[in-house]
Amino acid sequence: MRIRFTKMQGAGNDFVVLDETKGPLGLSPGQYRFLADRHFGVGADQILSVRPATAEGIDFRYVIHNADGGEVEQCGNGARCFLRFVREQGLTDKDVVRVQTLSGVIAPRMNADGRVTVDMGAPVFEPARVPFDTAGLDPRPEGGWQTWHLALSTEAEGAIVHLAVLSMGNPHAVQIVDDIETAPVAEQGPLIEHHPRFPQRVNAGFLQVVDRSHARLRVYERGAGETLACGTGACAAVVAGIRLGRFDQRVDVETRGGILTIEWAGGETDVVFMTGPAVTVFAGEIDVPEGI
């Protein structure tokens, strides 16, 4: 099966974008994995599908598959690329579109400087809704919030991490580190992602607080491994930092792929705004194997 695709990136978080507005491609998890494969396919952190709206007042539906072929709820860097894609492909001429995702409706907005701002919705703090199993755990108060002590193995000498847990439409566990360059991302990332207390797995964030308006961040993403940037991860890290008393309401987050600006007023019902780049890299066609 030959399909058309567009390769895009937002702060180095890269995507294969598929136009399914005229009909579903019906790809299997194995075919999504093929497209994401950097040796045999196109190569991407996630596959983004643009599909027709299914409700009044909605412009498009946005479906996200990770590099492992699994569907996920949200991708902030992808949302910015989504808007640039539908405008460049002539699917809309709006500066703001309303997009249905698995976790709710988002509204990316094109700015005059070419960057895109996305209303990422309000964060979710209730552990059961993340979801995060807190049975038998005692929270550690910090600032106006708390972190959770989590053992990463059953071994006596196993690492214990202190995590701020929340959802930005997908689950995040954020720990504050002294320096992201020496943070044990490769070692602890998969252990946190697959920890049994996160029944739907979790994105593991490693946050360095530079000052009250500047952060550095690495994220080990659920189903993708460490990426150059994670939009929802940047939102989760800033929200956690604000609630823990470390940040002001507007923070520039330095990722390995670029800078994302995150704004949150601090109330539990206040939405989070993320602003950053969205770039088209190239477009083409690829033969996708059947039966995988």
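Figured I'd write up the structure that's included with this text. (Residues numbered from 1 in each chain as written. Predicted model: local features only at pLDDT ≥ 70, side-chain atom pairs only at ≥ 80, totals over all residues. Heavy atoms only, no water.)

1. Remarks on helix H3 (residues 185-193)
Here comes step 1: Within the span of H3, buried status applies to Val185, Gln188, Gly189, Ile192 and Glu193. Taken around the axis of H3, the buried residues stretch over an arc of 130°, which confines them to a single face. Seen from the open side of H3, the exposed residues pointing more than 90 degrees away from its buried face are Ala186 and Glu187.
Here comes step 2: Where the residues of H3 are buried, they touch strand E11 (160-167), strand E12 (171-176), strand E13 (203-211), strand E14 (214-221) and strand E15 (225-227). (Buried < 20%, exposed > 50% of the residue type's maximum accessible area, 1.4 Å probe, protein only. Helix = DSSP H or I, 4+ residues; strand = E, 2+ residues; numbered from the N terminus. Arc of directions from axis to C-beta. Contact = heavy atoms within 4.5 Å.)

2. Looking at the nonpolar core
Here comes step 1: By size, the foremost hydrophobic cluster in this structure holds 54 residues, and its most contacted members are Tyr62, Leu166, Val174, Val253, Ile262 and Val272.
Here comes step 2: Sort the elements by how many residues they give to this core and helix H4 (residues 231-243) lands first, with eight residues.
Here comes step 3: When residues no more than four places from it in sequence are discounted, the contact partners of Val272 are Val118, Asp119, Met120, Gly121, Pro123, Met168, Cys235, Val239, Ile262, Glu263 and Trp264.
Here comes step 4: Core analysis: the next-biggest nonpolar cluster, separate from the first, contains 20 residues, Trp148, Ile180, Val202 and Ala204 among them. (Core = buried A, V, L, I, M, F, W, Y, C linked by side-chain atoms within 4.5 Å.)

3. Quick word on the pairing of strand E3 (residues 46-52)
Here comes step 1: Within E3, six of the seven residues are buried, which leaves it mostly tucked inside the rest of the structure.
Here comes step 2: Where strand E2 (residues 13-19) meets E3, five bridges bridge the pair, whose relative direction is parallel. Paired with Val16 across the bridge in E3 is Ile47.
Here comes step 3: Assessed by its sense of winding, the connection that carries the chain from E2 through helix H1 (residues 29-36) to E3 is right-handed.
Here comes step 4: Pairing between E3 and strand E4 (residues 60-66): seven bridges, direction antiparallel. Its bridge partner being in E4, Ser49 is matched across the sheet by Val63. (Pairing = 2+ DSSP bridges. Right-handed = clockwise from strand over helix to strand, strands pointing away.)

4. Quick look at the side chain of Asn77
Here comes step 1: Turning to its location among the elements, Asn77 is positioned in helix H2 (residues 76-88).
Here comes step 2: Using a relative accessible area of 0% as the deciding quantity, one classes Asn77 as buried.
Here comes step 3: Among the polar contacts made by the side chain of Asn77, one reaches the side chain of Arg80 at a distance of 2.7 Å.
Here comes step 4: Not counting residues within four places of it along the chain, the set of residues in contact with Asn77 comprises Gly10, Asn13, Phe15, Ala229, Cys230, Gly231, Leu260 and Met274. (Polar contact = N/O pair within 3.5 Å; in protein donor to acceptor, adjacent residues only side chain to side chain.)

5. Observations concerning H1
Here comes step 1: With six of eight residues buried, H1 is to be regarded as a mostly interior element.
Here comes step 2: Within H1 the residues assigned to the buried category are Gly30, Gln31, Tyr32, Phe34, Leu35 and Ala36.
Here comes step 3: Where H1 is buried, its residues touch strand E1 (2-10), E2, E3, E4 and strand E19 (279-287).

6. Let's talk about the pattern of salt bridges
Here comes step 1: This structure, assessed with the given rule, holds 26 salt bridges.
Here comes step 2: Here Arg4 makes a salt bridge to Glu285, at a shortest N to O gap of 3.3 Å. Here Arg4, found in strand E1, pairs with Glu285, found in strand E19; they are 281 residues apart in sequence, far enough to count as distant.
Here comes step 3: Note on Arg4: relative accessible area 54%, which makes it exposed.
Here comes step 4: Overall, the relative accessible area of 41% leaves Glu285 in the partly exposed class.
Here comes step 5: Salt bridges linked by common partners bring Asp179, Glu181, Arg216, Arg218, Glu226, Glu254 and Arg256 together as one network. (Salt bridge = Lys/Arg side-chain N within 4 Å of Asp/Glu carboxyl O.)

The values reported here are purely geometric and, on their own, carry no functional implication.
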